[in-house]
Amino acid sequence: MADLVYKVEDRSILLPFYRRFMVDPLLPFIPAKLSPNAITHIGHLLNLIGTATLLALNPVSGWPYFTAALAVNLYMWCDNADGAHARRTKQCSPFGEFLDHGLDQFNTVYIAYLTAMALGASAFGWVAIALLIPGAAVVTYWEQSNTGVFRVGLLNQVESVLVLSVALVVTGLFGQRVWDTPVFRSIVLRDLMIVWPCATILFGMARNLTRVAAQCGAKTTAPILVYLGFSAAIFGGIVVGVLTTVLAVALATALNSHLGMRMLRWM
């Protein structure tokens, strides 16, 4: 594993405010001797528990959605506090960076599952979300491994978790059928809530590819093009009916988790 020395270009709209008002004021209350890696593990564990609870109970409404919303927000706080605590207490380390990014790859999988559950997604929606939300992290790590720049767009973690939290709370209160509300002709609210993030992620991936190709050469994009080909094959499998939803989601999760960790190993 390399030293993970890289530049960060973070354009998130809400992150500066989140850190200023939600993270920084609470940092002095964290014991200085507490390992930042422990904070990382706690955040991951909370998000895993919230997601597993929702998947196990598979409710159409009710308290599991509120629990999942709380868990994903606690994860996000930990994910922003661990690095700040490490810098404040001079406990930064390459392993800590690797652990943070590595567990984030799994956390994006949980966020994808929570999104699909909150919206009551169809089989197509489930697979698209399971491919693209963790896939966005994979391609971001891939770009970082090639260029040394970790780029975060205008709408990223804080913005995504905010929207997801609202969706989870709304579903908890009113049930998954609330997303069947018509918007235009046969288009319902659920369709917009799935298509919009998928479209923005695909646009972001295209920008990742063009930036790496321009800086490192077109041949550098070969691994990620193969990955996108596998992703398309998985989605095609659910479209033509040769894959069940569970199998397609499992394959998407395995693909993203494996390649995401490979990208981190190459840094």
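Analysis parameters
- Residues numbered from 1 in each chain as written.
- Predicted model: local features only at pLDDT ≥ 70, side-chain atom pairs only at ≥ 80, totals over all residues.
- Heavy atoms only, no water.
- Helix = DSSP H or I, 4+ residues; strand = E, 2+ residues; numbered from the N terminus.
- Contact = heavy atoms within 4.5 Å.
- Lys, Arg positive; Asp, Glu negative; His and termini not counted.
- Charge placed at Lys NZ, Arg CZ, Asp CG, Glu CD.
- Axes fitted to C-alpha atoms, helices over the stretch in contact; angles between N-to-C directions.
- Parallel < 35°, antiparallel > 145°, perpendicular 65-115°, else oblique.
- Left-handed = near helix turned anticlockwise from the far one by under 90°.
- Core = buried A, V, L, I, M, F, W, Y, C linked by side-chain atoms within 4.5 Å.
- Buried < 20%, exposed > 50% of the residue type's maximum accessible area, 1.4 Å probe, protein only.
- pLDDT = per-residue confidence, 0-100.
- Phe/Tyr/Trp six-rings, centres within 6.5 Å; stacked < 30°, edge-to-face > 60°.
- 1 Å grid on protein atoms, 1.4 Å probe; cavity = no way out; pocket = protein on both sides within 12 Å on 5 of 7 lines; lining within 4 Å.
- Points joined across faces, edges and corners; volume = space filled by probe spheres on them.
- Nonpolar A, V, L, I, M, F, W, Y, C, P; charged D, E, K, R; others polar.
- Pairing = 2+ DSSP bridges.
- Salt bridge = Lys/Arg side-chain N within 4 Å of Asp/Glu carboxyl O.

Undergrad: Teacher, can you tell me more about the overall build of the protein here?
TA: Counting its secondary structure elements, the protein contains 9 helices and 4 strands. Counting from the amino terminus, helix and strand elements in the protein follow one another as β-α-α-α-α-α-β-α-β-β-α-α-α. Here the C-alpha coordinates of the protein stretch approximately 55 × 45 × 30 Å along the principal axes. Within the protein, residue pairs in contact and separated by at least 24 positions form 81% of the contacts whose partners lie at least 6 positions apart. Computed over 17 positive and 13 negative side-chain charges, the separation of the two mean positions in the protein equals 3 Å.

Undergrad: How should I be thinking about the packing of helix H3 (residues 63-88) against helix H4 (residues 94-119) in this particular structure?
TA: Close contact between H3 and H4 brings their axes to 12 Å; oriented N to C, the two are set at 155 degrees. Here H3 is positioned roughly antiparallel relative to H4, judged by the angle of their axes. With respect to the hand of their crossing, H3 and H4 are arranged in left-handed fashion. The segment H3 lies against H4, with Tyr65, Ala68, Val72, Tyr75, Asp79 and Asp82 engaging Asp100, Asp104, Asn107, Ile111, Leu114, Met117 and Ala118.

Undergrad: What exactly am I supposed to notice about the nonpolar core here?
TA: Soluble globular proteins: nonpolar side chains tend toward being buried together. The biggest cluster of nonpolar side chains holds 68 residues, and the ones touching the most others in it are Leu168 and Ile224. Ranked by residue count, the leading element in this core is helix H5 (residues 123-147), at 13 residues.

Undergrad: I'm lost on the confidence of the model for the protein in this one. Help?
TA: Low-pLDDT portions of the prediction should not be read for the details of their coordinates. This prediction gives the protein a mean pLDDT of 94; 97% of its residues lie at or above 70. Of all secondary-structure elements in the protein, the lowest mean pLDDT belongs to strand S1 (residues 7-10), at 84, while helix H2 (residues 36-57) reaches the highest, 98.

Undergrad: Mind showing me how you'd approach the packing of aromatic side chains here?
TA: The way to describe two aromatic rings as a pair is by their centre distance and the angle between their planes. Going through the model one piece at a time under the given rule, you end up with 3 aromatic pairs. Geometrically, the ring pair formed by Tyr113 and Trp126 is tilted, given 5.7 Å between the ring centres and 55 degrees between the ring planes. Taken as a pair, Tyr113 in helix H4 and Trp126 in helix H5 lie far apart in primary sequence, 13 residues in all. Summarising the burial analysis for this pair, Tyr113 and Trp126 share the class buried. With 6.2 Å between their ring centres and 25 degrees between their planes, Tyr141 and Phe150 make a pair best called stacked. For the pair formed by Tyr141 and Phe150, the shared burial category is buried.

Undergrad: Would you mind going over the layout of surface pockets with me for this structure?
TA: Remark: the empty space left among the atoms is shown by a probe the size of a water molecule rolled over them. Computed from the structure, the second largest pocket encloses a volume of approximately 160 Å³. As for the second largest pocket, its lining consists of Ala128, Leu131, Leu132, Leu202, Met205, Tyr227, Leu228, Ser231, Ala232 and Phe235. Among the secondary structure elements, those contributing two or more residues to the lining of the second largest pocket are H5, helix H7 (189-216) and helix H8 (222-240). Here the lining of the second largest pocket gets 5 residues from one element, more than from any other, and that element is H8. Split into classes, the residues belonging to the lining of the second largest pocket amount to 9 nonpolar, 1 polar and no charged.

Undergrad: Please explain empty space enclosed by the protein as it appears in this structure.
TA: Within this structure, the stated rule accounts for 1 cavity of 30 Å³ or more. One number sums up the size of the largest cavity: a volume of about 40 Å³. Around the largest cavity, the lining residues are Thr40, Gly43, His44, Tyr75, Asp79, Asp82, Asp100, Leu103, Asp104 and Asn107. Considering every element that reaches the lining of the largest cavity, the biggest residue donor is H4, with 4 residues.

Undergrad: How should I be thinking about the pairing of strand S2 (residues 149-152) in this particular structure?
TA: On a regular strand, each side chain points to the face opposite its neighbour's, so the side chains alternate between the two faces of the sheet. With burial as the criterion, each face of S2 is covered, one bearing Val149 and Arg151 and the other bearing Phe150 and Val152. Here S1 pairs with S2 via 4 bridges, running parallel. Paired with Glu9 across the strands is Arg151, a residue of S2.

Undergrad: Even after reading the chapter, I still don't get the pattern of salt bridges, so can you show me in this structure?
TA: Side-chain pairs of opposite charge can arise where the charged atoms are in close proximity. Scanning the model with the defined rule gives 5 salt bridges in all. Between Glu143 and Arg151 there is a salt bridge, with the nearest N and O atoms lying 2.6 Å from each other. The same class applies to Glu143 as to Arg151, namely buried. The closest approach of N and O atoms between Arg190 and Asp180, which form a salt bridge, is 2.6 Å. On the criterion of sequence distance, the pair formed by Arg190 in helix H7 and Asp180 in the loop between helix H6 (157-174) and strand S3 (182-184) is long-range, its members being 10 residues apart.

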